[in-house]
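Next come the chains, spelled out residue by residue.
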Amino acid sequence: MPSSQQQTSSTPWQDRLAEVCREYQIQAPHFQIVSDRRGGRTAWSSIVTVYGKRIEARYWYDGRNITNAREDAAEAALTWLSNQANLSSNW
């Protein structure tokens, strides 16, 4: 791909979370995929650990949409981080 073309990220919340962690020199986010058997199907979600806090995705997803679960958790983590006084002063 020519350098003049920008590649659009398909994981903007995860990318932003990793960037914020680097900016504030805290450990990189660690994602965990979790499942829950519901009748004949399995629902999937994600938990991200960032700055010592485990933050769950808000929703459960079909197996084809595990990336959405990680994005959901990353968005929730960024919201949580932005509310932390010791980190949010520079945002």
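Attention here is on the structure that accompanies the text. Everything numeric here is computed off the predicted structure, so don't read it as measured data. (Residues numbered from 1 in each chain as written. Predicted model: local features only at pLDDT ≥ 70, side-chain atom pairs only at ≥ 80, totals over all residues. Heavy atoms only, no water.)

Observations concerning the overall build of the chain
Here's step 1: A count of helices and strands for the chain gives three helices and three strands.
Here's step 2: Ordered by position in the sequence, the α and β elements of the chain form the string α-β-β-β-α-α.
Here's step 3: A separation threshold of at least 6 residues defines the contact pool for the chain, and within that pool the share at least 24 residues apart is 40%.
Here's step 4: Of the roughly 6,200 Å² of accessible surface on the chain, 44% is carried by carbon and sulfur atoms. (Helix = DSSP H or I, 4+ residues; strand = E, 2+ residues; numbered from the N terminus. Contact = heavy atoms within 4.5 Å. Areas by Shrake-Rupley, 256 points an atom, 1.4 Å probe, with all protein chains shown as cover.)

Observations regarding the packing of aromatic side chains
Here's step 1: In the structure shown here, the tally under the stated rule is one aromatic pair.
Here's step 2: Between Y51 and W80, the ring centres sit 6.5 Å apart and the planes meet at 55°, which makes this aromatic pair tilted. Residue Y51 is found in the loop between β2 (41-50) and β3 (53-56), and its partner W80 is found in helix α2 (residues 66-82); the two are separated by 29 residues along the sequence.
Here's step 3: Assessed through its relative accessible area of 38%, Y51 is described here as partly exposed.
Here's step 4: Judged by its relative accessible area of 22%, W80 is partly exposed.
Here's step 5: The positively charged end of R38 is found above the aromatic ring belonging to W60, 4.9 Å away from the centroid.
Here's step 6: The ring centre of F31 lies 4.4 Å from the NZ or CZ of R70, which sits over that ring. (Phe/Tyr/Trp six-rings, centres within 6.5 Å; stacked < 30°, edge-to-face > 60°. Buried < 20%, exposed > 50% of the residue type's maximum accessible area, 1.4 Å probe, protein only. Lys NZ or Arg CZ within 6 Å of the ring centre and 35° of its normal.)

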